[in-house]
Amino acid sequence: MIYFLTSSPCLPDSPALNPANGFVDELRKALPGQCSALFICSDPDQPSLTYGFAEDMQDSFAEIGVTLTDVTVLERENQDRCEELIANAGLIFLVGGHVPTQNAFFQDIALRECLQDWDGVVIGVSAGSMNSADAVYAQPEEPGEAIDPDYQRWLSGLGLTKLMTIPHYNQDKDWMLDGMRLYEDITYADSMGHKFYVLVDGSFLLGRDGREELRGEAYLIENGALTQISRESDIITL
């Protein structure tokens, strides 16, 4: 399996794939000219956004010379065919959305087990990247979650990587949630005893052949402190 765990695979305000940090070049290397694609919903009961995203990605991949064939969306209506759909896919998209909602669906369809012997390419987007970790940090994002004592910030993920990622730092670094600063007051405190790899849009984690590379601008939050560990165009082997 080869995996690309992205913050966002697209250019700002465009469905076109972002070539920064070698993303498009590495996709071309990893994928054949034609590839069957499966898009796994973040919310299986509201799949319309995923269908729209899948259409956009068909066009965007065609622009880089990769034809997505047999494009399918895995949602509530066809989740009983999960194993079959995964077996027939050469490319799987784990799309963005609400981390706990997506995680619950992944648990429902036993996605971790379905991917154990699957040999293809995975592209994680935002929440999909976060849920790809073995242990998932579900950073609070919706109003009320940061102050809800029952909100589960630690979940079991797909186990593609040991690294916990957080996307969209360029957008969310100054975000306020429930009267607190998302990073300084919430995430820093949650990092005690943990490491969070924080990505900006255009950066990604590339896993292949038992190795992982961090591509582009990224930060590490550990034990309550944030440190920049890479810049645009950097490649760090982890």
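Structure: above.
**Some remarks on the layout of surface pockets**
Step number 1: There is about 410 Å³ of room inside the largest pocket.
Step number 2: Along the wall of the largest pocket there are 18 residues; nearest its centre are Leu 49, Phe 53, Val 95, Gly 96 and Val 125.
Step number 3: Ranked by residues supplied to the lining of the largest pocket, first place goes to helix α2 (residues 48-63) with 3 residues.
Step number 4: Of the residues contributing to the lining of the largest pocket, the split by class is 8 nonpolar, 7 polar and 3 charged.
Step number 5: Roughly 160 Å³ of internal volume is contained in the second largest pocket.
Step number 6: Every residue lining the second largest pocket is counted, 13 residues in all, and those nearest its centre are Gln 139, Glu 141, Pro 167, His 168 and Asp 172.
Step number 7: In terms of residue class, the lining of the second largest pocket is built from 7 nonpolar, 4 polar and 2 charged.

**Details of a negative patch on the surface**
Step number 1: Taken together, the side chains of Glu 55, Asp 56, Asp 59 and Glu 63 make up a negatively charged region of the molecular surface.
Step number 2: Residue position: Glu 55 is located in helix α2.

Here is what the cut-offs are and how they apply
- Residues numbered from 1 in each chain as written.
- Predicted model: local features only at pLDDT ≥ 70, side-chain atom pairs only at ≥ 80, totals over all residues.
- Heavy atoms only, no water.
- 1 Å grid on protein atoms, 1.4 Å probe; cavity = no way out; pocket = protein on both sides within 12 Å on 5 of 7 lines; lining within 4 Å.
- Points joined across faces, edges and corners; volume = space filled by probe spheres on them.
- Helix = DSSP H or I, 4+ residues; strand = E, 2+ residues; numbered from the N terminus.
- Nonpolar A, V, L, I, M, F, W, Y, C, P; charged D, E, K, R; others polar.
- Patch = residues over 30% accessible without salt bridge, like charges linked within 9 Å, V, L, I, M, F, W, Y side chains within 5 Å.
- Areas by Shrake-Rupley, 256 points an atom, 1.4 Å probe, with all protein chains shown as cover.
- Salt bridge = Lys/Arg side-chain N within 4 Å of Asp/Glu carboxyl O.
- Lys, Arg positive; Asp, Glu negative; His and termini not counted.
- Charge placed at Lys NZ, Arg CZ, Asp CG, Glu CD.

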